[in-house]
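Analysis of the macromolecular model
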Amino acid sequence: MRTMAVVERRKEDIPSAQLVKKEVVYETNGLNVWYGEHHALKHIHLSFYEREITAIIGPSGCGKSTYIKTLNRMIELIPNVRLEGEILYRGRRIFDTSYPVEQLRTQVGMVFQKPNPFPKSIYDNVAYGPRIHGIRDRRLLDEIVEKSLRQAALWEEVKDRLHENALGLSGGQQQRLCIARCLAVEPDVILMDEPTSALDPISTAKVEELMGELKTKYSIIIVTHNMQQAARISDRTAFFLNGEVIEYGETKTLFSRPADQRTADYIAGRFG
Ligand SMILES: Nc1ncnc2c1ncn2[C@@H]1O[C@H](COP(=O)(O)OP(=O)(O)OP(=O)(O)O)[C@@H](O)[C@H]1O
Ligand SMILES: [Mg+2]
């Protein structure tokens with residue numbers, strides 16, 4: 001388990017040599033994606049850093065989900081997709097035929113827009129991944145389940161009903177359960193595609209708070225339609241439009257002094 005205290009210090013307070021250099025988790029170089037004839041992603045160059053939250057924003061159809069699906073190679077499951085360019089995960093090209101895709105899916109977890117728990121008990125949902133990895137010891141599984149549910153801020157609400165069906169939970173609880181299921185295999189990166197768009201404001205606030213805690217250990221890439229959310233929770237933001245990255249930078253800067261007029265128009269709500 002990676003643990004590291006995150007110390008917030010202002011840049012000007014410390015000599016540059018002492019600045020903690022964050023490692024790049026993902027690097028995308030000249031990525032192009034086509035669905036048949038449709039050019040969905042165009043020349044994407046982006047790097048994501050560890051223990052940060054990166055938000056991807058942009059209007060419907062601009063390629064956000066397509067991009068996030070390429071990061072864990074889910075895109076390969078779609079027929080008639082063609083890719084060009086490269087994606088490096090921790091320095092390795094994930095589209096190399098020798099890259100073990102199962103390993104990638106263990107290191108890179110995904111949370112979807114609609115909570116999608118398995119129609120099994122709460123316990124079995126969280127124990128699912130560890131069991132696939134061969135963990136059978138009941139005590140160890142119990143520990144993993146409790147720890148993951150605690151990390152996902154759900155433990156107190158479900159500890160007395162672990163063996164009830166997960167589909168009996170509320171939408172917000174189901175989404176936190178899906179996050180717990182993802183954490184149970186100790187991923188390195190968590191991809192989230194509009195994880196709160198189906199949730200009420202209270203559940204949304206809980207998931208946002210949770211993400212703030214998770215980023216001390218994990219790198220999170222989140223697609224969101226909600227610009228206030230991007231501004232609240234993310235360290236960096238990428239603005240996509242028509243399959244291109246228009247602007248990418250520190251969230252504070254992008255929202256307060258966008259460099260491109262199209263970014264300014266989008267964040268001001270003038271389109272999209
Ligand atoms: N399986 C598919 N087959 C063909 N075209 C697709 C497929 N999935 C997406 N597209 C097209 O690719 C473009 C990008 O879609 P994508 O789902 O990545 O957008 P998005 O930014 O996630 O939009 P939204 O905000 O509505 O979720 C769209 O024009 C879409 O119609
Ligand atoms: Mg989408």
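For the structure itself, look to the data block above.
This write-up is about the structure you can find in this document. Computed from a predicted structure; not experimentally measured. In this convention, every chain numbers its residues from 1, walking through the sequence in written order. Just so you know, chain letters begin at A and ligand numbers begin at 1, following the order they were written in. Side-chain atom pairs in this predicted model are given and counted only at pLDDT of 80 or more, local residue features only at pLDDT of at least 70, and totals for whole chains, interfaces and linings cover all residues. Computation of side-chain values: all heavy atoms of the structure, hydrogens and water removed.

**Digging into the nonpolar core**
Here is the rule: Remark: nonpolar core denotes a set of buried residues (Ala, Val, Leu, Ile, Met, Phe, Trp, Tyr, Cys) joined through side-chain atoms within 4.5 Å. Whether a residue is buried, partly exposed or exposed follows from its accessible area with a 1.4 Å probe, protein chains only, as a fraction of its type maximum: under 20%, in between, or over 50%, in that order. We count a stretch as a helix when DSSP gives it H or I for four or more residues in a row; a strand needs E for two or more, and each element gets its number in order from the N terminus. Throughout, a contact is declared for two residues whenever any of their heavy atoms are within 4.5 Å.
Counting residues in hydrophobic clusters, the biggest one holds 42 residues, and the most contacted among them are Leu149, Ile179 and Ile190. A per-element tally of this core places helix H6 (residues 171-183) first, with five residues. Residues in contact with Leu149, not counting those within four places in the same chain, are Ile122, Val126, Leu154, Trp155, Val158, Leu162, Leu177 and Ala180. Ranked by size, the runner-up nonpolar core spans 28 residues in total, among them Phe48, Ile56, Leu104 and Val223.

**Some details on the packing of aromatic side chains**
Basically, it comes down to this: Each pair of aromatic rings taken from Phe, Tyr and Trp, with Trp reduced to its six-membered ring, is defined by centres within 6.5 Å and is described as stacked if the planes are under 30 degrees apart, edge-to-face if over 60, and tilted in the remaining cases.
Tallied over the entire structure, the rule returns seven aromatic pairs. A ring pair is formed by Tyr26 and Tyr89, whose centres lie 5.2 Å apart and whose planes are at 45°; its orientation type is tilted. Of this pair, Tyr26 sits in strand S1 (residues 24-35) while Tyr89 sits in strand S4 (residues 81-89); the two residues are 63 residues apart in sequence, bridging distant segments of the chain. Here Tyr89 falls in the buried class, since its relative accessible area comes to 4%. A ring pair is formed by Phe48 and Tyr67, whose centres lie 6.2 Å apart and whose planes are at 55°; its orientation type is tilted. In this pair, Phe48 is assigned in strand S2 (residues 38-49) and Tyr67 in helix H1 (residues 64-71), connecting sequence segments 19 residues apart. Of the residues examined, Phe48 reaches a relative accessible area of 2% and is grouped as buried. One aromatic cluster is present, built from ring pairs that chain together Phe48, Tyr67, Phe240 and Tyr248.

**Overview of the site of ligand 1**
This is how the line gets drawn: Here a residue counts as near a molecule or strand whenever at least one of its heavy atoms sits within 4 Å of it. For this analysis, a polar contact is any N or O atom pair within 3.5 Å, provided that within protein one partner can donate a hydrogen and the other can accept it, and provided that sequence-adjacent residues contribute only side-chain to side-chain pairs. Accessible areas in this description were obtained via Shrake-Rupley with a 1.4 Å probe; residue shielding takes into account the shown protein chains only.
Every one of the 14 residues lining ligand 1 counts as a neighbour, but Ser60, Gly61, Lys64, Ser65 and Thr66 are closest to it. Contact between ligand 1 and His38: an oxygen atom at 3.2 Å from a side-chain N or O atom of the residue. Between ligand 1 and Thr66 there is a distance of 2.5 Å, counted from an oxygen atom to a side-chain nitrogen or oxygen. Computed on the free molecule, ligand 1 has an accessible area of 640 Å², of which 63% lies beneath the protein chains in the complex. Elements represented by at least two residues in the shell around ligand 1 include exactly S2 and H1.

**Focus on the environment of Lys21**
Relative to the helices and strands, Lys21 resides in the segment before S1. For the pair Lys21 and Pro258, spaced 237 residues apart in the sequence, the C-alpha separation amounts to 25 Å.

**Things to note about the packing of helix H4 (residues 138-151) against H6**
Put simply, the rule reads: Lines fitted to the C-alpha atoms define the axes, with helices restricted to the stretch that makes contact. Angles between their N-to-C directions range from 0 to 180 degrees. Should an angle fall under 35 degrees it is taken as roughly parallel, and over 145 as roughly antiparallel, whereas 65 to 115 is taken as roughly perpendicular and any remaining angle as oblique. Crossings are classed by handedness, with left-handed meaning an anticlockwise turn of the near helix from the far one by less than a right angle and right-handed meaning a clockwise turn. Each residue receives one of three labels: charged for Asp, Glu, Lys and Arg, nonpolar for Ala, Val, Leu, Ile, Met, Phe, Trp, Tyr, Cys and Pro, and polar for the others, Gly being one of them.
Two elements in contact, H4 and H6, have axes whose closest approach is 8 Å; the angle formed by their N-to-C orientations is 130°. The angle between H4 and H6 places the two elements in the oblique class. The two elements H4 and H6 meet at a crossing, and its hand is right-handed. Contact with H4, carried on its side by Ser148, Leu149 and Gln151, involves Leu177, Ala180 and Leu183 of H6 and no other residues of that element. Grouping the constituent residues of the contact of H4 with H6 by class yields four nonpolar, two polar and no charged.

**Some remarks on the sheet that holds strand S9 (residues 236-241)**
Backbone hydrogen bonds hold the strands of a sheet together, and the pairing may be parallel or antiparallel. Convention followed: Pairing between strands is defined by DSSP: at least two bridges between the two strands are required.
Judged by pairing direction, the sheet is mixed, and its six strands sit side by side in the order S6-S7-S8-S3-S9-S10 without closing on themselves. At either end of the open sheet lies a strand with only one pairing partner, and these are strand S6 (108-111) and strand S10 (244-250). Strand-to-strand twist of the sheet, defined as the mean angle between neighbouring strand axes without regard to direction, takes the value 15°. Sheet topology places S9 next to S10; six bridges connect them, and they run antiparallel. In the strand pairing of S10, Ala238 is matched with Tyr248.

**Thoughts on the sheet that holds S1**
In space, the four strands of this open sheet follow the order S2-S1-S4-S5, with antiparallel pairing throughout. Strand pairing shows two members of the sheet lacking a second neighbour, S2 and strand S5 (92-93), which therefore form its edges. Relative to S5, S4 runs antiparallel, the two being bridged by two bridges. Note that in S5 the partner of Leu88 across the bridge is Arg93. The strands touched by H1 within the sheet are S1, S2 and S4, with S1 carrying the most contacts at an inclination of about 120°.

**Observations regarding H4**
Put simply, the rule is: The span one expects for a helix is its residue count, reduced by one, times 1.5 Å. Arc definition: directions from the helix axis to the C-beta atoms.
Compared with the 20 Å implied by 1.5 Å per residue over 14 residues, the 20 Å span of H4 between its first and last C-alpha is a close match. Restricting attention to buried positions, one finds in H4 the residues Leu141, Ile144, Val145, Ser148, Leu149 and Gln151. The buried residues of H4 occupy an angular sector of 160° when projected down its axis, which confines them to one face. Exposed side chains of H4 directed beyond 90 degrees from the buried face belong to Arg139 and Glu143. Those residues of H4 that are buried lie in contact with helix H3 (122-132), helix H5 (155-158), H6 and helix H7 (201-214).

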